[in-house]
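Tertiary structure, described
Next come the chains, spelled out residue by residue.
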Amino acid sequence: MANGQPIGLLTRTGALYMLMPEEHDPRRDGGVDAKASASDHMGHIVEVSGTEASVGSYRAIFVQGLTK
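Structure report, in brief. (Residues numbered from 1 in each chain as written. Predicted model: local features only at pLDDT ≥ 70, side-chain atom pairs only at ≥ 80, totals over all residues. Heavy atoms only, no water.)

Observations regarding the nonpolar core
Counting residues in hydrophobic clusters, the biggest one holds nine residues: Ile-7, Leu-9, Ala-15, Tyr-17, Leu-19, Ala-38, Ile-61, Val-63 and Leu-66. Looking at this core element by element, the count peaks at three residues for strand E4 (residues 58-67). In contact with Ala-15, not counting residues within four places along its chain, are Leu-9, Leu-10 and Arg-59. (Core = buried A, V, L, I, M, F, W, Y, C linked by side-chain atoms within 4.5 Å. Buried < 20%, exposed > 50% of the residue type's maximum accessible area, 1.4 Å probe, protein only. Helix = DSSP H or I, 4+ residues; strand = E, 2+ residues; numbered from the N terminus. Contact = heavy atoms within 4.5 Å.)

What follows is the structure, given as structure tokens:
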């Protein structure tokens, strides 16, 4: 992650999502750093809020919040 690699989130159902920063959302206050938050919680069960997007078999969440 430190070298720019994407962060993955594995759900309870086995779906894999890439976590993307919600950088262009006018409501964003700069309070969520998706990479730093996710790396702090690697291996933990977390709750992510944001906007889900998918293209073909690729899934992503544009993160607005991440809590343990």
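Focus on the sheet that holds strand E1 (residues 7-10)
Ordered by their spatial adjacency, four strands build an open sheet running E1-E2-E4-E3, and the pairing between neighbours is mixed. Strands with a single pairing partner mark the edges of an open sheet, and in this sheet they are E1 and strand E3 (47-55). Pairwise comparison of adjacent strand axes, ignoring direction, gives a mean angle of 40° for this sheet. Two strands pair when backbone bridges link them, and E3 and E4 are joined in this way by nine bridges, in the antiparallel orientation. Bridged to Ser-54 within E4 is Arg-59. (Pairing = 2+ DSSP bridges. Axes fitted to C-alpha atoms, helices over the stretch in contact; angles between N-to-C directions.)

So far we have only geometry, and geometry alone does not tell us how the molecule works.
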